[in-house]
Amino acid sequence: MAAAWTAARDLLSDTQLCRQLDASPADVQRQRAAAPAPVARTARELRDAAAEPVASGFEALDAALGGGVARGRVTELVGRAGAGKTQGCLTLTASCAAKGDAIVYVDTEGSFRAQRLWQGAGARGATDADTLLQRVSVLRPANREELLAALETGVVEERARQAGASLVIIDSVAAAARGGSNAGGRMELIERQRWLAKAAAALKRVAHNSNCAVVVTNHVMADFKAPDGTDAVTAALGFTWHHAVNVRVVLDHAHGKYRTARVAKSCADGETAFAYAIGAAGL
């Protein structure tokens, strides 16, 4: 909890901290007084300290992201079922493991398959399955409470730091967020938004403190505000989550071999589109 206060206190207002950390105003004031003062760094120091992005193994995606998935940030893959979100996660994992990097893979949907990971790595020239698979730590929380506990108590962060991981994957955030109580109605919505705010803050701490890239997947929902078409969709989880992710890549579920993806949110100007397909090597 102390790490959470230190990381967030200078970025958020008292009201935002109360919501993010589910704390009272008095608790916020006490923690502000007790937290160490931040150390200022110049923009040049931050630039020089920035690590190289994590290459995905898919050249078109890396080019669209400016060299790869950024460390210290949260990147989201969003799309319909079958669009290639998990395949994208496995592509990243196979590429990193084949280079000798460690990965922490949090599987909330039971979709991780070691055989598929090895198939993708083998298509990229890897020859030692045992060594490669040993570099991937898989965590399977049973519900969203277990996932949040693993993030907030430092289980994921500590594993990433111990292994020197370049990549942490959460596949998927949407499945975990929707797996709460069955109460329904306004109280369930409030509970879900509170959970999302806490999870987002924890994921950003993992990315920053471990100097790794965090990649999450998200589902879609019907876009009732679309000007035309009955099949329009938008990213699930609402505005709270939209503002939490640093980069959003939208994958298209299209018939046929080739599909189109776009970088819908990033520090770059405008959107960048690229074509992709799903094969033996992943994306």
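Refer to the structure above for everything that follows.
Residues numbered from 1 in each chain as written. Predicted model: local features only at pLDDT ≥ 70, side-chain atom pairs only at ≥ 80, totals over all residues. Heavy atoms only, no water.

1. Some remarks on the overall build of the protein
Looking only at helices and strands, one finds 13 helices and 10 strands in the protein. Scored against the burial criterion, the 283 residues of the protein give a buried share of 41%. Partitioning the contacts of the protein with sequence separation of at least 6, the portion at a separation of at least 24 is 64%. (Helix = DSSP H or I, 4+ residues; strand = E, 2+ residues; numbered from the N terminus. Buried < 20%, exposed > 50% of the residue type's maximum accessible area, 1.4 Å probe, protein only. Contact = heavy atoms within 4.5 Å.)

2. Description of the sheet that holds strand 10 (residues 272–276)
On the basis of which strands lie adjacent, the open sheet formed by eight strands has the order 3-2-4-5-1-8-9-10 and mixed pairing. Only two strands of the sheet have a single neighbouring strand rather than two, namely strand 3 (136–139) and strand 10. With strand direction ignored, the average angle separating the axes of adjacent strands in the sheet is 20 degrees. As paired elements, strand 1 (residues 74–79) and strand 8 (residues 247–251) share five bridges and run parallel to each other. Of the residues in strand 8, the one forming a bridge with Glu76 is Arg248. Packing of helix 12 (residues 185–210) onto the sheet brings it into contact with strand 1, strand 4 (165–171) and strand 5 (213–218), and relative to strand 5 it is tilted by some 155 degrees. (Pairing = 2+ DSSP bridges. Axes fitted to C-alpha atoms, helices over the stretch in contact; angles between N-to-C directions.)

3. Details of the pattern of salt bridges
For the structure shown, the criterion picks out seven salt bridges. Taking the shortest distance from any N to any O, the salt bridge between Arg248 and Glu76 comes out at 2.3 Å. A residue pair is termed long-range when its members are at least 10 positions apart, and Arg248 in strand 8 and Glu76 in strand 1 qualify at 172 residues. Taken individually, Arg248 and Glu76 each receive the classification buried, so the pair is uniform in this respect. The salt bridge partner of Glu191 is Arg144, with a shortest N-O separation of 2.8 Å. Of this pair, Glu191 sits in helix 12 while Arg144 sits in helix 9 (residues 144–152), and the two are 47 residues apart along the sequence. (Salt bridge = Lys/Arg side-chain N within 4 Å of Asp/Glu carboxyl O.)

4. Re the packing of helix 9 against helix 12
Between helix 9 and helix 12, whose axes approach to 9 Å, the crossing angle comes to 30 degrees. In terms of orientation, helix 9 lies roughly parallel with respect to helix 12. When the axes of helix 9 and helix 12 are compared, the crossing they make is left-handed. Along the contact surface, helix 9 presents Arg144, Glu145, Leu147, Leu148, Leu151 and Glu152, while helix 12 presents Glu188, Glu191, Arg192, Trp195, Lys198, Ala199, Ala202, Leu203, Arg205 and Val206. Within the contact of helix 9 with helix 12, the residues separate by chemical class into eight nonpolar, no polar and eight charged. (Parallel < 35°, antiparallel > 145°, perpendicular 65-115°, else oblique. Left-handed = near helix turned anticlockwise from the far one by under 90°. Nonpolar A, V, L, I, M, F, W, Y, C, P; charged D, E, K, R; others polar.)

5. A few points about the environment of Ser266
You can see Ser266 is positioned in the loop between strand 9 (259–265) and strand 10. The exposure class of Ser266 is partly exposed, given its relative accessible area of 29%. When the C-alpha positions of Ser266 and Leu65 are compared, they lie 8.2 Å apart, and in sequence the two are 201 residues distant. Those residues in contact with Ser266, other than ones at most four positions away along the chain, are Asn246 and Val247.

6. Considerations on the environment of Val220
As for its placement among the helices and strands, Val220 is situated in strand 6 (residues 220–222). As for Val220 and Ala174, which are separated by 46 residues in sequence, their C-alpha atoms are 8.9 Å apart. Among residues more than four places away in sequence, those in contact with Val220 are Val78, Gly79, Arg80, Arg178, Val233, Thr234, Ala235 and Ala236.

7. Things to note about the layout of surface pockets
Quantified by volume, the second largest pocket comes out at close to 390 Å³. Surrounding the second largest pocket, 18 residues form its lining, Val233, Thr234, Ala235, Val250 and Arg262 being those nearest its centre. Listing elements by their share of the lining of the second largest pocket, those giving two or more residues are strand 1, strand 7 (233–235), strand 8 and strand 9. Here the element with the most residues in the lining of the second largest pocket is strand 9; it accounts for five residues. A class-by-class count of the residues in the lining of the second largest pocket yields eight nonpolar, five polar and five charged. (1 Å grid on protein atoms, 1.4 Å probe; cavity = no way out; pocket = protein on both sides within 12 Å on 5 of 7 lines; lining within 4 Å. Points joined across faces, edges and corners; volume = space filled by probe spheres on them.)

8. Digging into the environment of Trp195
Here Trp195 lies in helix 12. Its relative accessible area of 7% is what places Trp195 among the buried residues. Spatially, the C-alpha atoms of Trp195 and Asp22 are 9.7 Å apart, while their sequence positions differ by 173 residues. Every residue in contact with Trp195, bar those within four places of it in the chain, is listed here: Arg144, Glu145, Leu147, Leu148, Val173, Ala176 and Ala177. A distance of 2.9 Å separates a polar atom in the side chain of Trp195 from the backbone oxygen of Arg144. (Polar contact = N/O pair within 3.5 Å; in protein donor to acceptor, adjacent residues only side chain to side chain.)

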